[in-house]
Amino acid sequence: MGIAEALRAVQAQINNAAIRSGRDPAGVKLVAVSKTVDIKKVIEAMQAGAVIFGENRVQEAGKKITELRAQNTDIKTQWHLIGNLQKNKVRPAVELFDLIHSVDSSVLAEEINKHAGNLGKQQRVLVQVKLSDEATKHGIAEDSLMSLLSVISNMDHLRLEGLMTIPPYFEDPEMARPYFRKLRQLADKAVERGFTMHELSMGMSNDFEVAIEEGATLVRVGTAIFGERFK
Ligand SMILES: *Cc1c(COP(=O)(O)O)cnc(C)c1O
């Protein structure tokens, strides 16, 4: 299956999942995860209608975005950072990305705020929440979430838009449902406390339909569009 065909299939699954859970399909946006994927394939996906691309490494994204801009191919493309962000990469990240999904500490938020201010930008951010106890996963613990949200809300150059999570990998996507539901409940609680929560970034190739049933507004899909990654 080519990229255009795979993209159409994923988009149809998104629409169906939205409709069967009583949601407007327009309320679910696809983030095409292009990490490790070469430029030619990214362009193919753009031409097939993908608008938002997700990358997990600042340096790799920088190379791609620079090259694509030089070719004038990315006019309406948006770039999202979905991977962990190190402090020393914050400036280029703020320069490159429309939305950062992975803010998980006040130190990182502070750094992003500083560079966004220097660059005259309002940086849109999501807070990544860690809902499992896997040692390898980033994200803020549930207990500390509300205080991080208030810290971020008080920063001049950050625009808080919602939450993101990565559940453990399960063969059976139903097993991820409680994690998605939990993120949704945390967002509802945050809204009650007056925080802005437009976006819930959750769901990947294996489980995005379940995530949509639980309220995802941004699904991050790589393999189902571009095929297996070998790196
Ligand atoms: C790689 C990645 C994805 C996409 O995973 P697939 O299983 O290939 O769809 C989504 N979110 C994050 C944070 C990732 O790093």
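Quick caveat, the model's predicted, so the values are computed rather than measured.

A. Looking closely at the overall build of the protein. Regarding its fold elements, the protein presents nine helices and nine strands. Taking 17 Å as the expected radius of gyration for a compact globule of 231 residues, we find that the protein reaches 17 Å, a close match to that expectation. If you line up the protein on its principal axes, its C-alpha atoms span 45 × 40 × 35 Å. Within the span of the protein, comprising 231 residues, buried residues form 49% of the whole. Restricting to contacts in the protein with at least 6 residues of sequence separation, those with at least 24 account for 65%. On the protein, roughly 11,100 Å² of surface is accessible, and the fraction owed to carbon and sulfur atoms is 48%. When the 30 basic and 30 acidic side-chain charges of the protein are each reduced to a single mean position, those positions are 4 Å apart.

B. Expanded view of the pattern of salt bridges. In the structure shown here, the tally under the stated rule is 16 salt bridges. Note that R20 is salt-bridged to E213, the shortest N-O span being 2.9 Å. Taken together, the positions of R20 in helix α1 (residues 3-20) and E213 in helix α8 (residues 208-213) put the pair 193 residues apart, joining distant regions of the chain. Taking relative accessible area as the criterion, R20 reaches 48% and is therefore assigned partly exposed. Classification of E213 by relative accessible area gives partly exposed; the value is 26%.

C. Representation of the site of the ligand in the model. Neighbouring the ligand are V33, K35, I82, I166, M204, S205, R220, V221, G222, T223 and R229. T223 is positioned such that a nitrogen or oxygen atom in its side chain is 2.5 Å from an oxygen atom of the ligand. Computed on the free molecule, the ligand has an accessible area of 380 Å², of which 89% lies beneath the protein chains in the complex. Judged by the proximity of its atoms to the pocket grid, the ligand belongs to the largest pocket.

D. Fine view of helix α7 (residues 177-192). Compared with an ideal rise of 1.5 Å per residue, which puts 16 residues at 22 Å, α7 spans 23 Å between its outermost C-alpha atoms and is within 8% of the ideal. Residues of α7 that are buried: R177, F180, L183, L186, A187 and A190. One or two steps after α7, the chain reaches G194, where phi turns positive at roughly 95°.

E. Expanded view of unusual backbone geometry. A positive phi angle is found at T36, which is not glycine, with a value near 65°. Positionally, T36 belongs in the loop between β1 (29-33) and α2 (39-47). Overall, T36 belongs to the partly exposed group, its relative accessible area being 23%.

F. Geometry of helix α3 (residues 58-70). With 13 residues, α3 extends 18 Å from end C-alpha to end C-alpha; this agrees with the ideal 18 Å at 1.5 Å per step. Among all positions in α3, only V58, A61, G62, K64, I65 and L68 are buried. Contacts from the buried residues of α3 go to α2, β2 (52-55), β3 (78-81) and α4 (90-96). Once α3 ends, the next one or two residues include N72, with phi positive near 60°.

G. Quick look at the nonpolar core. Core analysis: the biggest nonpolar cluster contains 67 residues, and L149 and L163 have the highest contact counts within it. Looking at this core element by element, the count peaks at six residues for α1. In this structure, L149 is in contact with V127, L160, L163, A190, F195 and M197, ignoring residues within four places of it in sequence. Ranked by size, the runner-up nonpolar core spans six residues in total, among them V31, I52, L126 and L218.

H. Quick look at the layout of surface pockets. Of the volumes computed, that of the largest pocket is approximately 790 Å³. Every residue lining the largest pocket is counted, 31 residues in all, and those nearest its centre are K35, N56, I82, G83 and I166. For the lining of the largest pocket, the secondary-structure elements that each account for two or more residues are α3 and β9 (218-221). A per-element tally of the lining of the largest pocket places α3 first, with three residues. Residue classes in the lining of the largest pocket are distributed as eleven nonpolar, twelve polar and eight charged. Considering only enclosed or pocket space, the second largest pocket measures out at about 160 Å³ in volume. Lining the second largest pocket are 13 residues, with T36, V37, K41, F226 and E228 positioned closest to its centre.

What counts and how
- Each chain has its residues counted from 1, following the order in which its sequence is written.
- Thresholds applied to this predicted model are a pLDDT of at least 70 for local features of residues and 80 or more for the giving and counting of side-chain atom pairs; totals over whole chains, interfaces and linings are not thresholded and use all residues.
- Water and hydrogen atoms play no part in the side-chain values, which are based on all heavy atoms of the structure.
- A run of H or I in DSSP counts as a helix once it spans at least four residues, and a run of E counts as a strand once it spans at least two, with each numbered from the N terminus.
- Both definitions apply: the radius of gyration is a C-alpha atom measure, and the globule rule equals 2.2 Å times residues to the power 0.38.
- Here the term buried applies to any residue with accessible area under 20% of the maximum for its type, exposed to any over 50%, and partly exposed to those in between, with areas from a 1.4 Å probe on protein chains only.
- Residue contacts are counted whenever heavy atoms from the two residues lie within 4.5 Å of one another.
- Residue-level accessible areas treat just the shown protein chains as cover; the underlying method is Shrake-Rupley with a 1.4 Å probe.
- The charged-residue count follows a simple rule in which Lys and Arg add positive charge and Asp and Glu add negative charge, with His and chain termini not counted at all.
- Lys charges are placed at NZ, Arg charges at CZ, Asp charges at CG and Glu charges at CD.
- In what follows, salt bridge is the name for a side-chain nitrogen of Lys or Arg lying within 4 Å of a carboxyl oxygen of Asp or Glu.
- The rule for a residue being near a molecule or strand is that one of its heavy atoms must lie within 4 Å of it.
- In protein, a polar contact requires one atom able to donate a hydrogen and another able to accept it; more generally it is a pair of N or O atoms within 3.5 Å, and residues adjacent in sequence count only if both atoms are side-chain atoms.
- Put simply, the grid is 1 Å and covers the protein atoms alone, a cavity is a trapped set of points that fit a 1.4 Å probe, a pocket is an open set with protein on both sides within 12 Å along at least five of seven lines, and lining residues have an atom within 4 Å of a point.
- The way we define it, a molecule is inside a pocket or cavity when more than half of its atoms are within 2 Å of that pocket's grid points.
- Residue count minus one, scaled by 1.5 Å, sets the expected span of a helix.
- Buried Ala, Val, Leu, Ile, Met, Phe, Trp, Tyr and Cys residues form a nonpolar core when they are joined through side-chain atoms within 4.5 Å.
- Grid points are joined across faces, edges and corners, and a volume is the space filled by probe spheres set on the points.
- Any residue outside Ala, Val, Leu, Ile, Met, Phe, Trp, Tyr, Cys, Pro, Asp, Glu, Lys and Arg is labelled polar, Gly included; the first ten of those are nonpolar and the last four are charged.

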